[in-house]
Amino acid sequence: MAKKIMSLLSGQKPVFRFAPSPNGRLHLGHALSAILNHDMAGASGGRFLLRIEDIDLTRCTTELEQAIYDDLSWLNLDWEKPVRRQSEHFDDYRRGLEQLIEMGLAYPSFMSRAEVKGIVRDLEDVGQICRRDPDGAPHYPAYDKQRSTREVAALLSSGRKHAWRLDMEKAIAHLHKPLTWEETGKGSVVTTTADPAAWGDVVLSRSDSPSSYHLSVVLDDAVQTVTHIVRGMDLYHATSVHRLLQGLLGLPVPVYHHHRLILDEDGRKLSKSEGSKSLEALRKDGYHASDIRGLLGV
Ligand code: GLU
């Protein structure tokens, strides 16, 4: 794999990153991502970075951030310091958002998730088909995009809570060419065509958070000169949005490697919110880092 990685780079030192969110304890799926990034960086003479993705100030805590450092140290991984913490870079994300607003590709959206759900339920009740994104969430309805400039200005100046969304149709039209990325997760290098339209008008910033995952991840990967993104298959489809944002903001495109997911006994993907067994629990059960590698086959 190291050779394949090098062959995709013309003399550039590879940069890998593991980018967990401190909103729960890490599990075996995270261990696989972290170990693969670390080992691929080592095998290719590259750098291994750790980024703390803590834009969700309501769910991320410093205790959970410390737990990430503890778990990764226990796995015998080392990473470059200082660590980039997204909560310290909201200005960078705001600038990215402003760029998209100035390009006429972002609009303020005023509906809450519950309101969207209600609208979609009503439409589906009368037999209308509402498109859903690859994660199963309904596309954001077009109502806010149809408001007049005056109405939008009035809503904004009244202090009404809002998010900013990417106008997907306009954004795709702006680039007017198919977008691709190089994917190495399937054992060979596959040129993959992005399908950002599948996501509808994705969120760029929320009323309670100045950035969304999609926006901050592409800006940070560029700032940190990340050349290789190794992460779980659960983020495979999100790459289409990332590829679009890279195109719009003129950012470099890393190589992507989406790895298999670790499943529980019932065949479900491990998840912090589902209470999957954490690395801490495995440690307390007497497992060692070598046992974790053994379990994961890496
Ligand atoms: N912060 C994301 C997560 O914990 C990962 C982002 C990424 O690897 O691109 O799921």
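The rules behind each value
Residues numbered from 1 in each chain as written. Predicted model: local features only at pLDDT ≥ 70, side-chain atom pairs only at ≥ 80, totals over all residues. Heavy atoms only, no water. Phe/Tyr/Trp six-rings, centres within 6.5 Å; stacked < 30°, edge-to-face > 60°. Helix = DSSP H or I, 4+ residues; strand = E, 2+ residues; numbered from the N terminus. Buried < 20%, exposed > 50% of the residue type's maximum accessible area, 1.4 Å probe, protein only. Lys NZ or Arg CZ within 6 Å of the ring centre and 35° of its normal. Salt bridge = Lys/Arg side-chain N within 4 Å of Asp/Glu carboxyl O. Pairing = 2+ DSSP bridges. 1 Å grid on protein atoms, 1.4 Å probe; cavity = no way out; pocket = protein on both sides within 12 Å on 5 of 7 lines; lining within 4 Å. Points joined across faces, edges and corners; volume = space filled by probe spheres on them. Nonpolar A, V, L, I, M, F, W, Y, C, P; charged D, E, K, R; others polar. Axes fitted to C-alpha atoms, helices over the stretch in contact; angles between N-to-C directions. Parallel < 35°, antiparallel > 145°, perpendicular 65-115°, else oblique. Left-handed = near helix turned anticlockwise from the far one by under 90°. Contact = heavy atoms within 4.5 Å. Near = heavy atom within 4 Å. Polar contact = N/O pair within 3.5 Å; in protein donor to acceptor, adjacent residues only side chain to side chain. Areas by Shrake-Rupley, 256 points an atom, 1.4 Å probe, with all protein chains shown as cover.

Draft legend 1. Fine view of the packing of aromatic side chains. In total, this model carries 4 aromatic pairs according to the counting rule given. Ring centres 5.6 Å apart and planes at 70° place the aromatic pair Trp181 and Tyr236 in the edge-to-face group. Highlighted residues: Trp181 in strand 6 (residues 180-183) and Tyr236 in the loop between strand 9 (228-232) and helix 9 (238-249), separated in sequence by 55 residues. The same class applies to Trp181 and to Tyr236, which are both buried. Ring centres of Trp181 and Tyr256 lie 6.2 Å apart, and the angle between their planes is 70°; this geometry places the pair in the edge-to-face category. With a gap of 75 residues between them, Trp181 in strand 6 and Tyr256 in strand 10 (residues 255-259) connect regions that are remote in the sequence. A relative accessible area of 1% places Tyr256 in the buried class. Ring-pair connections join several aromatic residues into one group, and the members of that group are Trp181, Tyr236 and Tyr256. Positioned above the aromatic ring of Trp79, the side-chain terminus of Lys81 is 4.4 Å from the ring centre. We note Arg283 situated over the ring of Trp74; from NZ or CZ to the ring centre the distance is 5.1 Å.

Draft legend 2. How the structure looks around the pattern of salt bridges. The full count for this structure, using the stated rule, is 25 salt bridges. Across the pair Glu80 and Arg47 runs a salt bridge whose closest N-O atoms are separated by 2.8 Å. Here Glu80 is found in the loop between helix 3 (62-74) and strand 3 (84-85), whereas its partner Arg47 is found in strand 2 (residues 47-52), with 33 residues between them in sequence. Given the relative accessible area of 30%, Glu80 is considered partly exposed. We classify Arg47 as partly exposed; its relative accessible area is 29%. Where salt bridges share partners, they join Arg17, Arg51, Glu53, Arg84, Asp92, Arg95, Asp220 and Asp221 into one cluster.

Draft legend 3. Broad picture of the pairing of strand 7 (residues 190-193). Both strand 6 and strand 7 contribute to a ladder of 4 bridges, which runs antiparallel. Bridging across to strand 7, Thr180 finds its partner in Thr193. The turn joining strand 6 and strand 7, which pair antiparallel and follow one another in sequence, is formed by 6 residues; a positive phi near 95° is taken by Gly187.

Draft legend 4. Broad picture of the layout of surface pockets. Approximately 380 Å³ is the volume found for the second largest pocket. As for the second largest pocket, its lining consists of 19 residues, of which Arg131, His139, Tyr140, Pro141 and Ala142 are closest to the centre. Listing elements by their share of the lining of the second largest pocket, those giving two or more residues are helix 5 (113-125) and helix 7 (168-175). Considering every element that reaches the lining of the second largest pocket, the biggest residue donor is helix 5, with 3 residues. Among the residues forming the lining of the second largest pocket, the class breakdown is 12 nonpolar, 3 polar and 4 charged.

Draft legend 5. Focus on empty space enclosed by the protein. Tallied over the full model, the rule gives 1 cavity of 30 Å³ or more. Computed from the structure, the largest cavity encloses a volume of approximately 30 Å³. Lining the largest cavity we find Val218, Asp221, Ala222, Val226, Gln246, Leu251, Pro252 and Pro254. The dominant element in the lining of the largest cavity, judged by the number of residues it contributes, is helix 8 (residues 213-223), at 3 residues. Residues of the lining of the largest cavity, tallied by class, amount to 6 nonpolar, 1 polar and 1 charged.

Draft legend 6. Layout of the packing of helix 7 against helix 9. The contact between helix 7 and helix 9 brings their axes to 10 Å, and the two run at 60°. Considering the angle they form, helix 7 stands oblique to helix 9. Read as a crossing pair, helix 7 and helix 9 show a hand that is left-handed. Taken together, the residues of helix 9 that come into contact with helix 7 (itself represented by Met168, Ala171, Ile172, His174 and Leu175) are Leu244, Gly247 and Leu248. Its residues assigned to classes, the contact of helix 7 with helix 9 shows 6 nonpolar, 2 polar and no charged.

Draft legend 7. Region of the structure containing the environment of Gly159. Considering the arrangement of structural elements, one finds Gly159 in the loop between helix 6 (149-157) and strand 5 (163-166). In this structure, the C-alpha to C-alpha distance between Gly159 and Thr193, residues 34 residues apart in sequence, is 40 Å.

Draft legend 8. Fine view of the site of the ligand. In the vicinity of the ligand, the contacting residues are Arg17, Ala19, Pro20, Ser21, Glu53, Tyr213, Val217, Arg231 and Leu235. Residue Arg17 places a side-chain N or O atom 2.8 Å away from an oxygen atom belonging to the ligand. With respect to the ligand, the backbone of Ala19 contributes an N or O atom lying 2.8 Å from a nitrogen atom. For the ligand, whose free accessible area comes to 300 Å², the fraction covered by protein is 80%. The class makeup of the residues in the shell around the ligand is 5 nonpolar, 1 polar and 3 charged.

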